[in-house]
Amino acid sequence: MAERTALVTGGTGGLGGAVTAAFLKAGWRVVVPARESGGTAPPGSIHVAADLLEPSGAARAVEAAVSEPAAPLRAVVNLVGGYASGGLVHETPVEEFDRMLRLNLRPTYLVTQAALPHLVAAGDGAVVCVSARAALAPFPGAAGYATAKAAVLAFANAVAVEYRQRGVRCNTVLPSVIDTAANRAAQPDADHRRWVPPAEIAAVIRFLASDESAPTTGASIPVYGQA
């Protein structure tokens, strides 16, 4: 029987499947919230239908994660996000800029906000967020995405500062290009050997949620590989 629970948002995606598998292999109970049309939760995980863009959906996901007293919630992994590129800033409608902020930042904020009282009450727990290298090194045509991922990084650092005296840690991983089926389809001519396999990033995330990383909070971990 699992003795602790991880709540993994975005667990039906290319990286999310690998993260869920890593936690399951390590003996965790894993709750994967997703919209009804958001894909299938990996075998062994617990699926809960929830729209994480809404406070009620985030609350529903956390309720499912804390519903098993024998396996208390100890980790929140925020993977929900999205990417869109386009023109330069003066060519990008504010609606598209807002969409990147809403998709990348809002679910991370809402799920973390709903989970923190439970982690604080336990006096132990970890939050792991996913930003991107673009947050530190933007590239042309993706100002909304870079800004949103920089906001995720700033939010994670704020959580780390606010809750480190309460036993809750918060760290961030910053991928470059992840070697997923979707990214290969979008960039068929790229050198995929330089991209980072999802399982390698998943191992870093699982470590940041584990007791082995107990002294670590407020860290921004690059997981660029050779990309």
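Only a predicted model underlies this, so the values are computations on that prediction, with no experimental measurement involved.

**Q** Pulling in residues and values, what's your account of the overall build of the protein?
**A** Scanning the protein from N- to C-terminus turns up 7 helices and 7 strands. Across the 227 residues in the protein, those meeting the buried criterion constitute 44%. The contacts of the protein with a sequence gap of at least 6 include a subset with a gap of at least 24, amounting to 69%. Put simply, the protein shows about 10,700 Å² of open surface, and 55% of that area lies on carbon and sulfur atoms.

**Q** Any chance you could break down the packing of aromatic side chains for me, citing the residues and the numbers?
**A** Counted according to the given criterion, the structure contains 4 aromatic pairs. For the ring pair F23 and W28, a centre distance of 5.1 Å and an interplane angle of 85 degrees mean the geometry is edge-to-face. Overall, the relative accessible area of 3% leaves W28 in the buried class. Here Y83 and Y145 contribute two aromatic rings whose centre-to-centre distance is 4.8 Å and whose plane-to-plane angle is 85 degrees, an arrangement assigned as edge-to-face. Of this pair, Y83 sits in the loop between β4 (73-78) and α3 (94-104) while Y145 is found in helix α5 (residues 143-163), placing the two residues 62 residues apart along the sequence. For Y83, a relative accessible area of 46% translates into the label partly exposed. Taking the relative accessible area as the measure of exposure, Y145 reaches 12% and is therefore buried. Put simply, the rings of Y83, F139 and Y145 touch in pairs and so form one group of aromatic residues. One residue, R133, lies across the ring of Y224, its end atom 4.8 Å from the ring centre.

**Q** Got a sec to walk through the sheet that holds strand β5 (residues 125-130)? Specific residues and values, please.
**A** Consider a sheet: its strands pair through backbone hydrogen bonds, and that pairing is either parallel or antiparallel. Read from one edge of the open sheet, 7 strands run β3-β2-β1-β4-β5-β6-β7, paired in parallel fashion. Here the strands that pair on one side only, and so sit at the sheet edges, are β3 (46-49) and β7 (220-223). Along the sheet, successive strands turn relative to each other by an average axial angle of 20 degrees, direction set aside. By the bridge criterion, 6 bridges tie β5 to strand β6 (residues 168-175) in an arrangement that is parallel. The residue of β6 that forms the bridge with V127 is C170. Across the sheet, helix α1 (residues 14-25) lies against β1 (5-9), β2 (29-34) and β4, angled at about 160 degrees from β2, the strand it touches most. Lying on the sheet, helix α7 (residues 198-209) is in contact with β4, β5, β6 and β7; it crosses β6 at an angle near 165 degrees.

**Q** Describe the side chain of D179, listing the residues and the values that go with them.
**A** One can find D179 in the loop between β6 and α6 (181-186). Of the polar contacts made by the side chain of D179, one reaches the side chain of R184; its length is 2.6 Å. Dropping the residues within four chain positions of it, D179 is found in contact with R184, H192, W195, V196, P197 and P198.

**Q** Break down the packing of α3 against helix α4 (residues 106-122) for me, with residues and values.
**A** One can describe the packing of α3 onto α4 by two numbers: an axis separation of 3 Å at closest approach and a directional angle of 30 degrees. Taken together, α3 and α4 sit at an angle that is classed as roughly parallel. The residues of α4 that touch α3, namely those facing L101, R102, L103 and N104, are R106, P107 and T108.

**Q** An account of α1 is needed here, citing residue identities and associated values.
**A** Across its 12 residues, α1 extends 17 Å between first and last C-alpha, which sits within 8% of the 16 Å expected from 1.5 Å per residue. Among all positions in α1, only L15, G16, A18, V19, T20, A22 and F23 are buried. On its buried face, α1 is in contact with β1, β2, β4 and α7.

**Q** Give me the pattern of salt bridges: which residues, what numbers.
**A** The tally for this structure, following the rule as stated, stands at 7 salt bridges. With a closest N to O distance of 3.8 Å, R4 and D211 form a salt bridge. You can see R4 sitting in the segment before β1 and its partner D211 sitting in the loop between α7 and β7, a full 207 residues away along the chain. Assessed through its relative accessible area of 26%, R4 is described here as partly exposed. Here E96 makes a salt bridge to R99, at a shortest N to O gap of 3.3 Å. Placement of both E96 and R99 in helix α3 is noted, with a separation of 3 residues, approximately one turn of the helix.

Definitions and cut-offs
- Per chain, residues are indexed from 1 in the order of the written sequence.
- Reporting in this predicted model follows two pLDDT cut-offs: at least 70 for local features of residues, and 80 or more for side-chain atom pairs to be given and counted; totals over whole chains, interfaces and linings ignore these cut-offs and use all residues.
- As a rule here, side-chain values cover all heavy atoms of the structure and leave hydrogens and water aside.
- The numbering of helices and of strands both runs from the N terminus, where a helix is a DSSP run of H or I of at least 4 residues and a strand a run of E of at least 2.
- Partly exposed residues are those whose accessible area sits between 20% and 50% of the maximum for their type, while under 20% is buried and over 50% is exposed, using a 1.4 Å probe and protein chains only.
- In what follows, residue pairs with any heavy atoms lying within 4.5 Å of each other are defined as contacts.
- Working definition of accessibility: Shrake-Rupley area with a 1.4 Å probe, residue cover restricted to the visible protein chains.
- The criterion for an aromatic pair is that two Phe, Tyr or Trp rings (for Trp, the six-membered ring) have centres within 6.5 Å, with stacked assigned to planes under 30 degrees apart, edge-to-face to planes over 60 apart and tilted to the rest.
- Remark: a charge is flagged as sitting over a ring if the NZ atom of Lys or the CZ atom of Arg is within 6 Å of the ring centre and within 35 degrees of the ring normal.
- Paired strands are those between which DSSP finds at least two bridges.
- Each axis is a line fitted through C-alpha atoms, taken for helices only over the stretch in contact, and angles between the N-to-C directions span 0 to 180 degrees.
- In protein, a polar contact requires one atom able to donate a hydrogen and another able to accept it; more generally it is a pair of N or O atoms within 3.5 Å, and residues adjacent in sequence count only if both atoms are side-chain atoms.
- Any angle that is under 35 degrees is reported as roughly parallel, and any over 145 degrees as roughly antiparallel; angles of 65 to 115 degrees are reported as roughly perpendicular and all others as oblique.
- Helix span, expected: 1.5 Å multiplied by one less than the number of residues in the helix.
- Here, a salt bridge means any Lys or Arg side-chain nitrogen found within 4 Å of an Asp or Glu carboxyl oxygen.

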